Amino acid sequence: MIDLTRSQVGAVIAAVVALGCADRGPEQGDVVLKLFTGAPAVGAGTLVVGRGTDTIVIRTADLVLREVQLQLVRVGECEEEEGERCAMVADGPTRFALPLGSDTLTLAPVAAAADTYGTLQLEVYRATTERDTAFLASHPDMAGVSVRVSGAYSRAGSLRDFVFTTDLNEVQELGLDAPFVVAKGTSAGLLIGVDVAKWFLSADSAGLIDPATAGPDGPNAAQVRDNIRTSFVVRVLSSP
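Below: a short report on this structure. In this text, all values refer to a predicted model and were calculated from it rather than measured experimentally.

**Concerning the overall build of the chain**
On a plain count of helices and strands, the chain comes out with two helices and 15 strands. Looking at the chain as a whole, 48% of its 240 residues qualify as buried. A separation of at least 24 residues holds for 76% of the contacts in the chain among residues at least 6 apart in sequence. As displayed, the chain offers around 10800 Å² of accessible surface, 50% of which is attributable to carbon and sulfur atoms.

Shown next, in the form of structure tokens:
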């Protein structure tokens, strides 16, 4: 299984996978993926979100993804049984320690067929002991969850530490803001934005949700799951 922390960016992809239609031969370029949260950090990689007198301090935000792949413009979903093959960027499951602040996490280049892509497909993934023994041996704290956030919640000046997890598990298809062209022998870049600052906002974005009420059985679980679900965006970079 693939493991990624900030200190292990160079090892994010265990093997370079050259995918695309079987008759493409050596016509390949490189895809460089970058992750970005975009929210200003306070201190050493700490994110603070405030509404009124309430604040949430986010110290770490870990996300598990698998089957991150690019879909060709001329085909639909990446369905193996239909003979369609896409450019696999990360198979996984992969644990991403999201950068909090203006830093960008750059993944190792991955080979892809020279072609034009229009959609990025990924799965926000809940690892289980039945399917992911090796992954969970390295990450036991991610058993049964796809997102893990640690930090502190302050309500009217009273500060309380928290660890939030969710078992959200679903495939997302993210349209690109422009056609993504991979040319033979060159590198092309994509930026995946994850708006962590919105994860604990109320439905109208006017207030904060106490993370203690947003776990799998909490009254605000559905709202935070929706916030995470809609926090992804993908942009084509002019240069990798």
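Now, onward.
**Topic: the packing of aromatic side chains**
The description of an aromatic ring pair uses the distance of the two centres, along with the angle that the planes make with each other. Evaluation of the coordinates by the stated rule reveals two aromatic pairs. With 5.9 Å between their ring centres and 70 degrees between their planes, Phe-162 and Phe-200 make a pair best called edge-to-face. With a gap of 38 residues between them, Phe-162 in strand E12 (residues 158-166) and Phe-200 in the loop between strand E14 (187-194) and helix H2 (221-229) connect regions that are remote in the sequence. Note on Phe-162: relative accessible area 9%, which makes it buried. When the ring of Phe-164 is compared with that of Phe-200, the centres are 5.1 Å apart and the planes differ by 85 degrees; the resulting orientation is edge-to-face. Placement of the pair is Phe-164 in strand E12 and Phe-200 in the loop between E14 and H2, with a sequence separation of 36 residues. Taken together, the ring pairs connect Phe-162, Phe-164 and Phe-200 into an aromatic cluster.

**Quick look at unusual backbone geometry**
Following Gly-92, the chain continues into Pro-93 via a peptide bond in cis, with omega recorded as 5 degrees. Locating Pro-93 in the fold gives a position in the loop between strand E6 (87-90) and strand E7 (94-97). At Ser-205, a position not held by glycine, the phi torsion is positive, near 65 degrees. Mapped onto the elements of the fold, Ser-205 is located in the loop between E14 and H2. A relative accessible area of 37% places Ser-205 in the partly exposed class.

Calculation rules
- Residues numbered from 1 in each chain as written.
- Predicted model: local features only at pLDDT ≥ 70, side-chain atom pairs only at ≥ 80, totals over all residues.
- Heavy atoms only, no water.
- Helix = DSSP H or I, 4+ residues; strand = E, 2+ residues; numbered from the N terminus.
- Buried < 20%, exposed > 50% of the residue type's maximum accessible area, 1.4 Å probe, protein only.
- Contact = heavy atoms within 4.5 Å.
- Areas by Shrake-Rupley, 256 points an atom, 1.4 Å probe, with all protein chains shown as cover.
- Phe/Tyr/Trp six-rings, centres within 6.5 Å; stacked < 30°, edge-to-face > 60°.

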